[in-house]
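Examining the three-dimensional arrangement
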Amino acid sequence: MAQEWFIIHTLSGQEQKVVDSINKRIDVEEMREYIKDPEKDVFVAKEKVVDVRGGEKKVTTKKLFPGYVFIHMHLRDEDRKTISEPLNFVKDTPGAIGFVGGDQPEPTPDAEIEDIQTRMADSEDLERPKVEFEVGETVKINHGAFEGNSGIVEEIDPDKGRLKVTVNIFGRDTPVDVEYWEVDKG
């Protein structure tokens, strides 16, 4: 039976600890036949996001699925029965609660994992805002030439991370382009 993707439920905030522990113990506990390449086969899903602190733009990482680790491993035999050695290896990992699905976990479809990995890869190039915006929503500009003004979101350009906001300046509605990080909701 080939390797399949499974999801490990972890204690809150322990995701990276689980990944690191699996990577350290894999050779010591002779698990290479079940997890071939732990550098690629065990990961926490994260993406880069833009945050503003103290008026400055900062890029941070955010977990897409807090409390979960993804693992590509050989966990079931030809009869689709769970193999106890890799099951217990994961369950005995500090910070791991167990597999999603308990002692008889079902694999996660490859397409779902590919979507997650694509989103992670895309975030390397595209900084996503921590906050999602909607057309018609009121935002307050907190940086730049229009700082302190409020306006209505007219257009959203997620590829460039920019908004077109209509702001009332000197009694006239004026469209201005701002980056996501330059505005707050409300």
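Data block above holds the structure.
Residues numbered from 1 in each chain as written. Predicted model: local features only at pLDDT ≥ 70, side-chain atom pairs only at ≥ 80, totals over all residues. Heavy atoms only, no water.

1. Comments concerning the sheet that holds strand β5 (residues 68-73)
Read from one edge to the other, the open sheet built from four strands follows the order β2-β5-β1-β6, with strand pairing classed as antiparallel. Looking at strand neighbours, the two that pair on one side only are β2 (42-43) and β6 (96-99), the edges of this open sheet. Of the strands in this sheet, β1 (4-10), β2, β5 and β6 are in contact with helix α1 (residues 15-28), which crosses β5 at around 25°. Contacting β1, β5 and β6, helix α3 (residues 84-91) crosses the sheet at an angle of about 150° to β6. (Pairing = 2+ DSSP bridges. Helix = DSSP H or I, 4+ residues; strand = E, 2+ residues; numbered from the N terminus. Contact = heavy atoms within 4.5 Å. Axes fitted to C-alpha atoms, helices over the stretch in contact; angles between N-to-C directions.)

2. Side note on the nonpolar core
Ranked by size, the top nonpolar core spans 21 residues in total, and within it I8, I22, I35, I71, M73 and F99 carry the most contacts. Mapped onto this core, the elements with two or more residues apiece are β1, α1, β5, α3 and β6. With four residues, α1 is the single largest residue contributor to this core. The contact partners of I8, leaving out residues within four places of it in the chain, are I22, G67, Y68, V69, I71, V90, A96, G98 and F99. (Core = buried A, V, L, I, M, F, W, Y, C linked by side-chain atoms within 4.5 Å. Buried < 20%, exposed > 50% of the residue type's maximum accessible area, 1.4 Å probe, protein only.)

3. A short note on the pairing of β1
Within β1, six of the seven residues are buried, which leaves the element mostly enclosed by the surrounding structure. Where β1 meets β5, six bridges bridge the pair, whose relative direction is antiparallel. What sits directly across from W5, in β5, is H72. Two elements, β1 and β6, share three bridges in a ladder whose sense is antiparallel. Among the inter-strand pairings, T10 is bridged to a residue of β6, identified as A96.

4. So, α1
For α1, which comprises 14 residues, the first-to-last C-alpha distance of 21 Å matches the rise-based estimate of 20 Å (1.5 Å per residue) to within 8%. Taken residue by residue, α1 has E15, V18, V19, S21, I22, R25 and I26 as its buried positions. E30 sits one or two residues past α1 and shows a positive phi near 50°. (Expected span 1.5 Å × (residues − 1).)

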